Amino acid sequence: MGELITPLRGCLSKMAIEPGASGAPARYTLRAGEHRLDLNARLGQPLRLAHTGAIACTHCGRATRKSFAQGYCYPCFKRLAQCDTCIVRPETCHFHAGTCREPEWGERHCFQPHVVYLANSSGLKVGITRKTQVPTRWLDQGAIQALPILEVDTRQQSGFVEVLFKEQVADRTNWRAMLKGDVAPLDLRAERERLLAALDGGLANLRERFGLDAVRVLDAEPVTLDYPVLEAPTKVVSLNLDKTPEIAGTLLGLKGQYLILDNGVINLRKFTGYEVVFE
Ligand SMILES: [Zn+2]
């Protein structure tokens, strides 16, 4: 664990983000190989991020010329259950058909309680996540508010609930708007009431299908999340290590999985597995 040994060199993982204590901005840690670097401490300072050209699969460590699904080599991308399309569209789970790529992984990750939440990242959206991934998932998306509204027993059930909510609410974040930060706060409790009433029939159908207590209404308090941003970008320029292997600028903020520099923004998650030199 090297703290502040710069320049540091290693393969990127997604940044570790923790909620700040009592209303303070979230804490960001850069992870490159075994190195950890407190990014909040670097706000306002120049930084340089250079891709060495090497990419290592985040699962097996094998060198790969191209990264698939944000960090995997091609064999892992084709073989792992976590890279299957049913992870993105859980309602298409095919475990019951005996075709899960990794049934044991599926049992551990998909047959676990999932929550359906409302969040405000660039406006109202619906999302799902494993219960254990709260609040990490919200921080990764740059949400400024979030409210868990329903709990279900499996990932597939959360997918069916999400499909239902998509009739009324977006399920995507407009990342440019999220980074610009001009996002009006929402009354998530009121949105919850409105949506639960509007989708009452659809939720009843799911309970009929999966059992009366399969889709449980949660009575949680909304969470507010704050990010360390000195200056939000007015014009969002996207930086890309594939096109520009060396990125240098002043760190103006951290939001979602993005670094906000004075000359552009970069989604570090997209470059998981990329070996970089950071200074
Ligand atoms: Zn691999």
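Keep in mind that this is a model prediction, so the values were computed, not measured.

(A) Structural view of the sheet that holds strand S5 (residues 46-55). Taken together, six strands build an open sheet; the order of strands is S1-S14-S5-S11-S12-S13 and the sheet is antiparallel. Edge positions in the sheet fall to strand S1 (8-11) and strand S13 (264-267), since each has one partner strand and no second. Each adjacent strand pair in this sheet contributes to an overall mean axis angle of 40 degrees, direction not counted. The pairing of strand S11 (residues 246-255) with strand S12 (residues 258-261) spans four bridges and is antiparallel. Bridge pairing links leucine 254 to leucine 259 in S12.

(B) Broad picture of the sheet that holds strand S2 (residues 16-18). If you trace the three strands from one edge of the open sheet to the other, you get S2-S3-S4, paired in antiparallel fashion. Strands with a single pairing partner mark the edges of an open sheet, and in this sheet they are S2 and strand S4 (35-38). Neighbour-to-neighbour, the strand axes of the sheet open up by a mean angle of 20 degrees, direction not taken into account. Bridging between S2 and strand S3 (residues 27-32) involves three bridges; their strand directions are antiparallel. The residue of S3 that forms the bridge with alanine 16 is threonine 29.

(C) Seen up close, the domain arrangement of the chain. Per the domain assignment, the segments of the chain are domain 1 (8-76 + 228-278) and domain 2 (112-224). Taken over C-alpha atoms, the centre of domain 1 sits 27 Å from the centre of domain 2. Tallying the contact residues gives 13 residues for domain 1 and 11 residues for domain 2. Classifying every residue of the side of domain 1 that touches domain 2 by side-chain character gives 10 nonpolar, two polar and one charged.

(D) How the structure looks around the pairing of strand S14 (residues 274-278). Where S1 meets S14, four bridges bridge the pair, whose relative direction is antiparallel. Each residue of the ladder has a partner; that of glycine 10, found in S14, is valine 276. Relative to S14, S5 runs antiparallel, the two being bridged by four bridges. Bridging from a neighbouring strand, isoleucine 55 pairs with tyrosine 274 of S14.

(E) Main features of the nonpolar core. If you look at the biggest cluster of nonpolar residues, it comprises 58 residues, and the most contacted ones within it are Val116, Tyr117, Val161 and Leu259. Both domains that furnish three or more residues to this core are identified here as domain 1 (8-76 + 228-278) and domain 2 (112-224). Those residues within four positions of tyrosine 117 in sequence are excluded, and the remaining contacts are Gly127, Ala146, Leu147, Pro148 and Ile149.

(F) Seen up close, the pairing of S11. Looking at chain direction, S5 and S11 are connected through five bridges and run antiparallel. Looking at the pairing, proline 46 lines up with threonine 250 of S11. Hairpin connection, S11 to S12: the antiparallel pair is bridged by two residues, and glycine 256 has positive phi, about 55 degrees.

(G) The environment of alanine 143, seen in detail. As for its placement among the helices and strands, alanine 143 is situated in the loop between helix H4 (136-141) and strand S8 (145-152). In this structure, the C-alpha to C-alpha distance between alanine 143 and asparagine 120, residues 23 residues apart in sequence, is 5.3 Å. When residues no more than four places from it in sequence are discounted, the contact partners of alanine 143 are Ala119, Asn120, Ser121, Trp138 and Leu225.

(H) Structural detail: helix H5 (residues 155-165). Among the 11 residues that make up H5, 10 are buried, leaving the element largely enclosed by the rest of the structure. Along H5, the positions that sit buried rather than exposed are Arg155, Gln156, Gln157, Ser158, Gly159, Phe160, Val161, Glu162, Leu164 and Phe165.

(I) Molecular detail of the environment of phenylalanine 165. The residue phenylalanine 165 is located in helix H5 in this model. For phenylalanine 165, a count of 24 C-beta atoms within 10 Å corresponds to the buried category. With 10 residues separating them along the chain, phenylalanine 165 and arginine 155 place their C-alpha atoms 15 Å apart. The residues touching phenylalanine 165, leaving out its near neighbours within four places in the chain, are Val116, Val126, Leu195 and Leu199.

(J) Broad picture of the packing of H5 against helix H8 (residues 200-210). H8 packs onto H5 with a crossing angle of 160 degrees between their chain directions and a minimal axis gap of 10 Å. Considered as vectors, H5 and H8 are oriented roughly antiparallel to each other. Considering only the axes of H5 and H8, their crossing is right-handed. For the pair H5 and H8, the contacting residues are Gln157, Phe160, Val161 and Leu164 in the first and Gly202, Leu203, Leu206 and Phe210 in the second.

(K) Expanded view of unusual backbone geometry. Cis peptide bonds are those with omega within 30 degrees of zero, and the linkage from valine 134 to proline 135 qualifies with 5 degrees. Phi is positive for alanine 69, close to 50 degrees, though the residue is something other than glycine. Looking at where alanine 69 falls in the secondary structure, it is placed in the loop between S5 and helix H1 (74-79). Alanine 69 gets classed as partly exposed once you count the C-beta atoms within 10 Å, which come to 16.

Reading guide: rules and limits
- Residues numbered from 1 in each chain as written.
- Predicted model: local features only at pLDDT ≥ 70, side-chain atom pairs only at ≥ 80, totals over all residues.
- Pairing = 2+ DSSP bridges.
- Helix = DSSP H or I, 4+ residues; strand = E, 2+ residues; numbered from the N terminus.
- Axes fitted to C-alpha atoms, helices over the stretch in contact; angles between N-to-C directions.
- Domains from an automatic or database assignment.
- Contact = placed C-beta atoms within 7 Å.
- Nonpolar A, V, L, I, M, F, W, Y, C, P; charged D, E, K, R; others polar.
- Core = buried A, V, L, I, M, F, W, Y, C linked by C-beta atoms within 7 Å.
- Buried ≥ 20, exposed ≤ 12 C-beta atoms within 10 Å, placed from the backbone.
- Parallel < 35°, antiparallel > 145°, perpendicular 65-115°, else oblique.
- Left-handed = near helix turned anticlockwise from the far one by under 90°.

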